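Residue-level listing of the chains:
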Amino acid sequence: MNLLANFWDKSEGVLSAQNDTGPVAVLDIGSNSVRLVVYERLSRALTPLFNEKASCSLGRGVATSGRIAEENLQLAIQAIRRFALITRLMKVHDVHVIATSAVREAENGPAFMDEVKSLIDREGVVLTGSQEAHYAALGVVSGIPGFEGVVGDLGGGSLEFSLVTEGADAPGETMALGAIRLQDDSEMSPSRAFKLAQNQLQNSNVVLPGNMRDFCAIGGTWRSLAKLFQIRHNYPLHMVHNFVADSAQMFALCEELISKGDETEGLSEISGSRRPLLPYGAAAMAAVIERGEFAQVYFSALGVREGYLYAQLSAEEQARHPLREATHLINNLRSRTPAYADELFGFTTKFIATTGLDEDERDRLWREAACSLSDIGWRGHPDYRGEQSVDLVAYSALTGIDHPGRAFIAEALAVRYMGLRHNGMSSNFAALVGQEGHKRARILGALFRMAYVLAAAVPAILPQLDFRTNGKTLEILIPQPIAFLDSARLRSRMKQLGSLLDFENVDLIPV
């Protein structure tokens, strides 16, 4: 221990230059797994530094015996002992320890939490069912701004529901419908589990027939259900957060899982640790869709852990948009001159105003994010800057953006780096944003492409430029003292932009 203590004293930790508070972590002690997530810092846009789980099945048999099985308890203690060391080595600023239904319901839960405290030197919080529902709802609010509907968090031992409207949640409820609980109570029969879920949901005061259009699902088992749905439908983006599925199609997949179990097509591609519970998660999902008569099912990768941290933020911090905060940070870390992104946004705003292109609040947010990310590929090899930039947008852990938004920004960056004839992304992925959105993204990318020739990512040039229309010509107004920036390459880029617009010509006019 002296050697480790000496290491902790001398270690510089893993703080980034952008981090002024230090890493923060959540140790989540659930009914199915124990997970430690360390985030770079407490902020509106959480960035994971470390994320690992240990499958301990603490909830197995609790409903019948009233106790956490000793074997499972020891698995959890062993994992937490390791996680405690990791938090020390990473110099975590604060560790939040939360436990859910298995610990809440078990007779030996308090003694277990005392041992956890001795290992990690933090007082843990055993959440009530209503607290679980509340923090799950906040997790959705933090990661899918604007979502309104019912939120359901499926754990191993329980299923929590809450209603989210206008960015806030009403008091929720908890039901004994966790995946492990359903497996135990149904005696390993998914069809019986479906009936148990149907019966319990008749008493729900949150999941009411036809009350809300959308349902948002949280929890590892339901995320695996979403992955199976994506596999079965050849969905182009294998990412669960903010994925939206048609409820009728989801219900059909759940029915197949309930009836066929291990023989369900595509199930072999799902994680082996989740596979046995998937038919029981499907039973719960099918009962929820049936009871609530939902039209769409959203999936959120953010839940109780992120909601718990979101609650620690001030009202001002909570009001910030996570996509805006994350992309501004990426711009500061990876762009040549971060101030240029703000000038590019102003430049494109003038363009939108002059040309009269349709743009709502969501489109404006996407455009701002694209401006922030427009120079992230400059360190890459010229032949691969476009692909690298597209991949970062398409597959990064950004929150606050849906899949069509990812496709929009990725297309804008693909055009910015590779031109209008690029093949840097699949047509199926590009199609997620729709025909009009795809066209708007290409116009934005062509505008980026032209602006970077004009200003070379150097601040103070773009603010001097303006736009006006003259009949069927779009004119770019440039002050006479910098009119020498005109070039054959710039004219080529202007022609590319013009090919996407309703104007017959794009011209550079010294003024």
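Scoring rules and cut-offs
Residues numbered from 1 in each chain as written. Predicted model: local features only at pLDDT ≥ 70, side-chain atom pairs only at ≥ 80, totals over all residues. Heavy atoms only, no water. Helix = DSSP H or I, 4+ residues; strand = E, 2+ residues; numbered from the N terminus. Rg over C-alpha atoms; globule rule 2.2 N^0.38 Å. Contact = heavy atoms within 4.5 Å. Lys, Arg positive; Asp, Glu negative; His and termini not counted. Charge placed at Lys NZ, Arg CZ, Asp CG, Glu CD. Axes fitted to C-alpha atoms, helices over the stretch in contact; angles between N-to-C directions. Parallel < 35°, antiparallel > 145°, perpendicular 65-115°, else oblique. Left-handed = near helix turned anticlockwise from the far one by under 90°. Nonpolar A, V, L, I, M, F, W, Y, C, P; charged D, E, K, R; others polar. Phe/Tyr/Trp six-rings, centres within 6.5 Å; stacked < 30°, edge-to-face > 60°. Buried < 20%, exposed > 50% of the residue type's maximum accessible area, 1.4 Å probe, protein only. Lys NZ or Arg CZ within 6 Å of the ring centre and 35° of its normal. pLDDT = per-residue confidence, 0-100. Core = buried A, V, L, I, M, F, W, Y, C linked by side-chain atoms within 4.5 Å. Pairing = 2+ DSSP bridges.

## Some details on the overall build of the protein
Moving on, step 1. Each helix and strand counted, the protein has 21 helices and 15 strands in total.
Moving on, step 2. For 511 residues, the compact-globule estimate of 2.2 N^0.38 gives 24 Å, and the protein sits close to it at 26 Å.
Moving on, step 3. Within the protein, contacts between residues separated by at least 24 positions form 72% of all contacts whose residues are at least 6 apart in sequence.
Moving on, step 4. Between the averaged position of the 49 positive side-chain charges in the protein and that of its 60 negative side-chain charges there is a distance of 6 Å.

## Looking at the packing of helix 15 (residues 339-355) against helix 16 (residues 361-372)
Moving on, step 1. Contact pair helix 15 / helix 16: the axes reach a minimum separation of 8 Å and the direction vectors enclose 140°. Comparing their axes, helix 16 and helix 15 come out oblique. As for how helix 15 packs across helix 16, the hand of that crossing is right-handed. Here Ala341, Leu344, Phe345, Thr348, Thr349 and Ile352 of helix 15 lie close against helix 16, whose contacting residues are Arg364, Arg367, Glu368, Cys371 and Ser372.
Moving on, step 2. Residues of the contact of helix 15 with helix 16, tallied by class, amount to 5 nonpolar, 3 polar and 3 charged.

## What to know about the packing of aromatic side chains
Moving on, step 1. What the rule picks out here adds up to 11 aromatic pairs.
Moving on, step 2. Ring centres of tyrosine 235 and phenylalanine 243 lie 4.8 Å apart, and the angle between their planes is 65°; this geometry places the pair in the edge-to-face category. This pair shows no difference in class: tyrosine 235 is buried, exactly as phenylalanine 243 is.
Moving on, step 3. Following the ring pairs from residue to residue traces out a cluster consisting of Phe229, Tyr235, Phe243 and Phe299.
Moving on, step 4. Between the NZ or CZ atom of arginine 416 and the centre of the ring of tyrosine 417, over which it lies, the distance is 4.0 Å.
Moving on, step 5. Seen from the ring of tyrosine 452, arginine 416 lies directly overhead, with NZ or CZ sitting 3.8 Å from the centre.

## Regarding the confidence of the model for the protein
Moving on, step 1. On average, residues of the protein score 92 in pLDDT, and 96% of them reach the 70 mark or higher.
Moving on, step 2. Low pLDDT, under 50, characterises residues 1-19; the stretch is placed with 25 contacts to residues that sit more than four places away or in other chains.

## Structural notes on the nonpolar core
Moving on, step 1. Formed by 112 residues in total, the largest nonpolar core has its most connected members in Phe161, Phe215, Trp222, Met285 and Phe299.
Moving on, step 2. Among the elements that make up this core, the one with the highest residue count is helix 20 (residues 434-455) (12 residues).
Moving on, step 3. Not counting chain neighbours up to four residues away, the residues in contact with phenylalanine 299 comprise Ile144, Cys216, Ala217, Trp222, Ala226, Val240, His241, Asn242, Phe243, Ala245, Met250 and Met285.
Moving on, step 4. Ranked by size, the runner-up nonpolar core spans 32 residues in total, among them Leu73, Ile80, Ala84 and Ile86.

## With respect to the sheet that holds strand 1 (residues 24-29)
Moving on, step 1. In space, the 5 strands of this open sheet follow the order 3-2-1-4-5, with mixed pairing throughout. Two strands in the sheet have a free side with no partner beyond their single neighbour: strand 3 (48-55) and strand 5 (125-126).

## What to know about the sheet that holds strand 15 (residues 505-510)
Moving on, step 1. Taken in spatial order, the 3 strands make up an open sheet running 13-14-15, and their pairing is mixed. At either margin of the open sheet sits one strand with a lone partner, and together these are strand 13 (466-470) and strand 15. On average, each strand axis in the sheet is tilted by 30° relative to the strand beside it, whichever way the strands run.
Moving on, step 2. Across 6 bridges, the pairing between strand 14 (residues 473-478) and strand 15 is parallel. Across the sheet, isoleucine 478 pairs through a bridge with proline 510, a residue of strand 15.
Moving on, step 3. On the sheet, helix 15 packs against strand 13 and strand 14 and is oriented at approximately 20° with respect to strand 13.

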